[in-house]
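Residue-level structural notes
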Amino acid sequence: MLELKDVKKTYLGGSTALDGIDLTIGPGEIVGLFGENGAGKTTLMKCVLGLLRYQGTITLDGAPVTTRNIARLSFATCEHSYFPALTAKAHRAFYQEHFPNFRAKRFEALMDFFQLPMGKAIRGFSTGQKNQFEVILALSQGADYILMDEPFAGNDIFNREDFYKVLLGILEPEESILLSTHLLEEVQHFIGRAVLLHQGKVAGDVTTLELEEQGRGLMDFVKETYRYQADRVSRALDHLTDRE
Amino acid sequence: MRSKLEPLARLFPMGWPWSNEVMGAACAAALSALTAFALFVYRFGSAVDDLYTYAPVSWERELIPGAMVPPYPQVLGGAFLFFAATALALALLPIAHFLFHRQGARSDYLMRRLPQRWEFARRCLGGSALLLAGTVLTAAVLFGLFFICYLTFTPAGCLPPDVWATTGG
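Read on for a plain summary of the structure. If you're wondering where the values come from, they're calculated on a predicted model, not measured in any experiment. (Residues numbered from 1 in each chain as written. Chains lettered and ligands numbered in written order. Predicted model: local features only at pLDDT ≥ 70, side-chain atom pairs only at ≥ 80, totals over all residues.)

Quick look at the sheet that holds strand β5 (residues 63–64) of chain A now. Residue and element names in this part refer to chain A. Taken in spatial order, the four strands line up as β2-β1-β4-β5 in an open sheet, and their pairing is antiparallel. Each edge of the sheet is formed by a strand with only one pairing partner; in this case those strands are β2 (16–25) and β5. Strands β1 (2–10), β2 and β4 (55–60) of the sheet are contacted by helix α1 (residues 41–48), whose axis makes an angle of about 65° with β2. (Pairing = 2+ DSSP bridges. Helix = DSSP H or I, 4+ residues; strand = E, 2+ residues; numbered from the N terminus. Contact = placed C-beta atoms within 7 Å. Axes fitted to C-alpha atoms, helices over the stretch in contact; angles between N-to-C directions.)

Structure follows, in structure tokens:
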């Protein structure tokens, strides 16, 4: 279980990115992490991975995240964390060396599915292929908790659809995913739980089952939680064009 | 040759052209050694020449009574400046190694979340440290060899009382 207790992050200059986050993600959960730009989604993931200093506690099955258990976390980021000059084959060797639970079979199956070349340097891939490769690495690392930060930015809809299907098909019951994305409607059938961040705080946390029972869609939930004003666009246009 | 050096790849960032760096450092060290050797030979040769004069009639070379060669550091002068420049460049290379992890992607994120705590530091610092050590060792060996030459080829009685005079003895 990945547990965050009262996690706070303040950047130099005093801006608060995370303001007392309490969040628990259990084995096998697929959690969507939503929020406007600057809500703290990326910061939250980087804190979990130890890439940023923070206040509060983050534990993995009760133990702090250290080099002893960090292999249980993987990360796919839209910034990409592979080695651009290396081939997929070289990445496989590197991951096999450093991550004892690396899933070579899954890696090869996904590479094959997305028809990515094994012998070409990653910098020669298209944007979509780079995203695919980044996610393939995260899924193949052999981690229990897979963190994905806007992994499909730049991918076309067909690509993304394929990915959701493949993800649902290959995940083991104990594998958990924390997926940060703006593509609410696309992922609503893929995730089991939605967590909304707003100004560094958890503004909403609901399972998709609860939403179904209430007869609400994910988008409705998000809009309600953010108190979305549907008429704000028309009001803004009226103001800009000086309409009565 | 490259296959023999292959284990060195583990001391450099993944995808870094490490063999070029090793070759570059080796060439820089060789050039520094040649420069140091040439400068030492020239300066020491001049210092030994200055000990002699030519007899007025026979034009035979003879030692000037009481003449001495300068202390060793003065003879060396700036002979090791190229080594210093090479060492400085190698000492700064880890910065380039670190920044390489931010070129085209953020592979530093991956390196920082590896279960092997020192992997990232090793790949940023290891190669440069090894090459720096090699350069310093080469310079030290040459420094010693030149000193032996200084002691051996200086005519008897022409060494200064304190051969390290300008370094504080």
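After that view of the structure, there is still more to cover.
All right, on to the sheet that holds strand β3 (residues 30–34) of chain A then. All names here are of chain A. Strands sit in the order β6-β7-β8-β3-β9-β10 across an open sheet of six strands; the sheet is mixed. Because the sheet does not close on itself, it has two edges, and the strands there are β6 (73–77) and β10 (201–207). Between one strand and the next, the sheet's axes are offset by a mean angle of 15°, whatever the strand orientation. Note that strand β9 (residues 193–198) and β10 share six bridges and pair antiparallel. Opposite R193, over in β10, you have T207 as the bridge partner. Set on the sheet, α1 makes contact with β3, β6, β7 (145–149), β8 (176–180) and β9; between it and β7 the angle comes to about 145°.

Between chain A and chain B, the residue contacts involve 20 residues of the former and 14 residues of the latter. With three residues, β6(A) is the largest single contributor of residues to the side of chain A that touches chain B. Of the residues assigned to the side of chain A that touches chain B, the class counts are 12 nonpolar, six polar and two charged. (Nonpolar A, V, L, I, M, F, W, Y, C, P; charged D, E, K, R; others polar.)

The next thing to look at is the environment of A:L147. Residue and element names in this part refer to chain A. With respect to the helices and strands, the residue L147 is situated in strand β7. For the pair L147 and A90, spaced 57 residues apart in sequence, the C-alpha to C-alpha distance is 23 Å. Once residues lying within four places of it in the same chain are set aside, the contact partners of L147 are M45, V48, L49, L73, S74, F75 and L178.

On to the pairing of β6(A), then. All names here are of chain A. Across the five residues that make up β6, a large majority, five, are buried. Burial along β6 is two-sided: the face carrying L73, F75 and T77 and the face carrying S74 and A76 are both buried. Note: β6 against β7, five bridges, orientation parallel. Along β7, the bridge assignment pairs T77 with D149. (Buried ≥ 20, exposed ≤ 12 C-beta atoms within 10 Å, placed from the backbone.)

Our next topic: the packing of helix α3 (residues 104–113) of chain A against helix α4 (residues 127–140) of chain A. Residue and element names in this part refer to chain A. Orientation of α3 relative to α4, taken along the N-to-C sense of each, is 160°, at an axis distance of 9 Å. The pairing of α3 with α4 is recorded here as roughly antiparallel in orientation. Read as a crossing pair, α3 and α4 show a hand that is right-handed. Contact residues: R106, F107, L110 and M111 in α3; I136, L139 and S140 in α4. Tallied by class, residues from the contact of α3 with α4 come to five nonpolar, one polar and one charged. (Parallel < 35°, antiparallel > 145°, perpendicular 65-115°, else oblique. Left-handed = near helix turned anticlockwise from the far one by under 90°.)

Turning our eyes to something else, we now look at the nonpolar core. All names here are of chain A. Residues V31, L73 and L147 are the most contacted members of the largest nonpolar core, which totals 62 residues. For this core, the leading source of residues is α4, giving six residues. Sequence-distant contacts of V31, that is, excluding residues within four places in its chain, are made with I25, I177, L178, L179, I191, R193 and V195. (Core = buried A, V, L, I, M, F, W, Y, C linked by C-beta atoms within 7 Å.)

A few words on α4(A). Residues and elements named next belong to chain A. End to end, α4 covers 20 Å across 14 residues, agreeing with the expected 20 Å (1.5 Å per residue, within 8%). Within α4, 11 of the 14 residues are buried, which leaves the element mostly enclosed by the surrounding structure. Those residues of α4 lying buried are K130, N131, Q132, F133, E134, V135, I136, L137, A138, L139 and S140. Looking at the buried residues of α4, the elements they touch are β6, α2 (88–98), α3, β7 and α5 (157–170). Following α4 by one or two positions, G142 has its phi on the positive side, about 90°. (Expected span 1.5 Å × (residues − 1).)

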